[in-house]
Amino acid sequence: MNDPFGIHLSLKNLGIHSTNLGSSTGLTWLDSGASYFSSDSPADGQLIAQVQGASEDTYEAIISQASVAFEKWRLVPAPHRGEIVREIGNSLREVKADLGKLVSYEMGKSYQEGLGEVQEMIDICDFAVGLSRQLYGLTMHSERPGHRMYEQWHPLGIVGIISAFNFPVAVWSWNAALAWVCGDVCIWKPSEKAPLSGIACQYIVAKIFAKHGFPEGVSNLIIGDYRIGELISHDSRVPLVSATGSTRMGKLVGKAVGERLGRSLLELGGNNAIIITEHADLDMAIRGALFGAVGTAGQRCTTTRRLIIQANVYEEVKSRLATAYSKLVIGNPLDEKNHVGPLIDQDAVKNYLIAIERVKAEGGKAVVEGGVLAGSGFESGCYVKPAIYEAENHFEIVQHETFAPILYLIKYENLQEAIALQNGVPQGLSSAIMTTNMREAEAFLSVAGSDCGIANVNIGTSGAEIGGAFGGEKETGGGRESGSDSWKAYMRRQTNTINYSSQLPLAQGIKFDI
Ligand code: UN1
């Protein structure tokens, strides 16, 4: 077979061969007897592999392995758990090029972005190693003499991770690396649109856990569609469900987990805007907007979907953007001369076309017209042209997250109005302002400024570093993953009061003598 980018060698280096099944409790791959998912590359339309979905029985087998493993894993001192995660990070360093290539080929993002995604995994492993010695609780002064109070953090148990196709490996690792050092075990359901990337990761980590006496149960992979997501969400043996994906999916997960009073950590849709003020460095603003809007073919939850531009610079930004878009090279994501790869599948192309139709029906005007690319190199039918439309913020389609490279331009007069427009959508993930004016920047970051979980100055909306807490407000779901103190979501807090006196005084000065 013609294999210009060496995909087969990368698959081989990652340990993936035709005997791979699908779901796994560690080193053991389970045969569920259930049907297979095809993993087709949106890059060239080729079938990469068939991956078997899990059955309810497989699910049960995995849950029981995970429960058994948790009993033992939680007793390993956290810094030792960190040592194991350090080895995972080191292994990822070794396979960075191969895994980055698989991510790029299976999901369609550029090879550079595939490498960036694996780098995020390496970074979170490093972060987790440090964290394994810093799972700090507070101490408090007791109001009672001879008493001591403190809090400590214990692991939760099984963490369910439901991840999306657009970051097929990094978002899992944000959750898993933290969960492991916290003493939890994980069950991961990757997107059924990118299952091989999940299998590759399971190979990498399962070997390392096995080497340290955990052949099964600490890292579990379960392949399936929404039905597996439902099993996880309803299962009270899974105290935390971390789900990344659409707001529609998140509402279902949140409801199911909430009904059993479990915890959910939701990272859902974004509708991210960059405000470009008249004081912006326009070279920087154009570059930031360009990568924000077309990176990952507009399929990041942090993708820039709206540009809110001050009237005095509006025409200039519009024409410079149109020129920048005319230079974009679209094509196979593994070919490094291309800037933009394909959408994930035909459904995504359909949604892209519907959005373009709608924005025009609502009165939007094309600045750069969209369309599906055909012909040589575009046989998969998933390649589309990044598009720009002048629009109004209140348009129904502008209020909606379309996972595609469609950028809406919106004009404003004063900053207050711009901030109101930026906040005037149901989602609240990421936001940015481009300005060299300190007053504008600070107003944007103030309590009356952006209502998003991420607010940037002079960088775009995407490309967050792992060290910060990642997530957003409103329909984005409120969860925080990755850096800062996000680890607390993966543990339970226990408050301890110890009386070392010979008296038994009651709190609040209550007298109860007999
Ligand atoms: C996502 O799209 O779900 O901030 C995650 C970014 C990446 C992560 C995106 N670091 O764009």
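Here is what the cut-offs are and how they apply
- Residues numbered from 1 in each chain as written.
- Predicted model: local features only at pLDDT ≥ 70, side-chain atom pairs only at ≥ 80, totals over all residues.
- Heavy atoms only, no water.
- UniProt positions renumbered as here; feature names shortened; annotations may be inferred.
- 1 Å grid on protein atoms, 1.4 Å probe; cavity = no way out; pocket = protein on both sides within 12 Å on 5 of 7 lines; lining within 4 Å.
- Points joined across faces, edges and corners; volume = space filled by probe spheres on them.
- Domains from an automatic or database assignment.
- Pairing = 2+ DSSP bridges.
- Helix = DSSP H or I, 4+ residues; strand = E, 2+ residues; numbered from the N terminus.
- Axes fitted to C-alpha atoms, helices over the stretch in contact; angles between N-to-C directions.
- Parallel < 35°, antiparallel > 145°, perpendicular 65-115°, else oblique.
- Left-handed = near helix turned anticlockwise from the far one by under 90°.
- Contact = heavy atoms within 4.5 Å.
- Nonpolar A, V, L, I, M, F, W, Y, C, P; charged D, E, K, R; others polar.
- Patch = residues over 30% accessible without salt bridge, like charges linked within 9 Å, V, L, I, M, F, W, Y side chains within 5 Å.
- Areas by Shrake-Rupley, 256 points an atom, 1.4 Å probe, with all protein chains shown as cover.
- Salt bridge = Lys/Arg side-chain N within 4 Å of Asp/Glu carboxyl O.
- Buried area = accessible area lost by both parts, 1.4 Å probe.
- Expected span 1.5 Å × (residues − 1).
- Buried < 20%, exposed > 50% of the residue type's maximum accessible area, 1.4 Å probe, protein only.
- Arc of directions from axis to C-beta.
- Near = heavy atom within 4 Å.
- Polar contact = N/O pair within 3.5 Å; in protein donor to acceptor, adjacent residues only side chain to side chain.
- Sits in = over half its atoms within 2 Å of the grid points.

The protein is annotated in an unreviewed UniProt entry as aldehyde dehydrogenase (NAD(+)) of Algoriphagus aquaeductus. Taken verbatim from the UniProt record of the protein, the Subunit (unreviewed entry) comment is "Homotetramer." In the Sequence similarities (unreviewed entry) part of its UniProt record, the protein is described as follows: "Belongs to the aldehyde dehydrogenase family."

Caption draft 1: Representation of empty space enclosed by the protein within the structure. The tally for this structure, following the rule as stated, stands at 4 cavities of 30 Å³ or more. Approximately 130 Å³ is the volume found for the largest cavity. Surrounding the largest cavity, 13 residues form its lining, Glu120, Phe167, Trp174, Thr302 and Phe470 being those nearest its centre. In this structure, the lining of the largest cavity is formed jointly by two domains, domain 1 (28–268 + 477–493) and domain 2 (272–470), each of which donates at least three residues.

Caption draft 2: Representation of the sheet that holds strand β5 (residues 147–155). The sheet built from 3 strands is open, its strands ordered β4-β5-β22 with antiparallel pairing. Where the open sheet ends on each side, the last strands, each with one partner, are β4 (139–140) and β22 (491–499). Looking at chain direction, β5 and β22 are connected through 9 bridges and run antiparallel. By the bridge assignment for β22, Gln152 is matched with Gln494.

Caption draft 3: How the structure looks around the sheet that holds strand β14 (residues 387–390). Ordered in space as β13-β14-β15-β12-β11-β17-β18, the 7 strands form an open sheet in which the pairing is mixed. Each end of this open sheet is capped by a strand with a single partner; those strands are β13 (365–368) and β18 (454–457). Pairwise comparison of adjacent strand axes, ignoring direction, gives a mean angle of 25° for this sheet. Both β14 and strand β15 (residues 406–412) contribute to a ladder of 4 bridges, which runs parallel. Each bridged residue has a counterpart across the sheet, and for Tyr389 the counterpart in β15 is Tyr408.

Caption draft 4: Structural view of the packing of helix α3 (residues 78–107) against helix α6 (residues 195–211). Look at α3 against α6: their axes get within 10 Å of each other, and the N-to-C directions meet at 165°. Comparing the axis directions of α3 and α6 gives the class roughly antiparallel. The interaxial crossing formed by α3 with α6 has right-handed handedness. Of the residues in α6, those touching α3 at Ile84, Glu87, Ile88, Ser91, Leu92, Val95, Leu99, Leu102, Val103 and Glu106 are Pro195, Leu196, Ser197, Ala200, Cys201, Ile204, Val205, Ile208, Phe209 and Lys211. Counted by class, the contact of α3 with α6 contains 15 nonpolar, 2 polar and 3 charged residues.

Caption draft 5: Inspection of a nonpolar patch on the surface at higher detail. On the surface, Leu506, Ile510 and Phe512 cluster together to form a nonpolar patch covering roughly 340 Å² of accessible area. Relative to the elements of secondary structure, Leu506 occurs in the segment after β22.

Caption draft 6: Examining the UniProt feature "domain: Aldehyde dehydrogenase" (unreviewed entry) in the protein more closely. Per the UniProt record, "domain: Aldehyde dehydrogenase" (unreviewed entry) is annotated on residues 29–495. The span residues 29–495 carries 39% helix and 21% strand; its end-to-end C-alpha distance comes to 41 Å.

Caption draft 7: Focus on the domain arrangement of the protein. Split into domains, the protein comes out as domain 1 (28–268 + 477–493) and domain 2 (272–470). Using C-alpha coordinates to define each centre, domain 1 is positioned 30 Å away from domain 2. Taken together, the contact pairs 34 residues of domain 1 with 29 residues of domain 2. Both sides together, the interface formed by domain 1 and domain 2 hides about 2500 Å², and carbon and sulfur atoms give 60% of it. Per-residue buried area on domain 1 facing domain 2 is highest for Pro42, Ala43 and Glu113; these three make up 20% of the total on that side. Here domain 1 is connected to domain 2 by 2 salt bridges.

Caption draft 8: Fine view of helix α2 (residues 56–73). Helix length check: α2 (18 residues) gives 25 Å between terminal C-alpha atoms against 26 Å at 1.5 Å per residue, within 8%. Turning to α2, its buried residues number three or more, namely Thr58, Tyr59, Ile62, Ile63, Ala66, Ala69, Phe70 and Trp73. Along the axis of α2, the buried residues cluster in a sector spanning 135°; they form a single face. Those residues of α2 that are exposed and angled more than 90 degrees off the buried face are Asp57 and Val68.

Caption draft 9: Focus on the layout of surface pockets. Taken as a whole, the largest pocket spans an internal volume of roughly 1500 Å³. What lines the largest pocket is a set of 50 residues, among which Gly245, Ser246, Thr247, Arg248 and Met249 lie closest to the centre. Elements supplying a minimum of two residues to the lining of the largest pocket: α7 (226–234), α8 (247–259) and α11 (346–361). When residues in the lining of the largest pocket are grouped by element, the largest group, 9 residues, is from α8. Classifying every residue of the lining of the largest pocket gives 18 nonpolar, 17 polar and 15 charged.

Caption draft 10: Spatial organisation of the site of the ligand. Around the ligand, the neighbouring residues are Glu120, Asn166, Phe167, Trp174, Glu267, Arg300, Cys301, Thr302, Ser462, Gly463, Ala464 and Phe470. One nitrogen or oxygen atom from the side chain of Glu120 is found 2.7 Å from a nitrogen atom belonging to the ligand. In this structure, an oxygen atom belonging to the ligand sits 2.7 Å away from a side-chain N or O atom of Thr302. Burial of the ligand by the protein chains amounts to 100% of its free accessible area of 320 Å². Its atoms largely coinciding with the cavity grid, the ligand occupies the largest cavity. When its residues are assigned to classes, the shell around the ligand shows 5 nonpolar, 4 polar and 3 charged.

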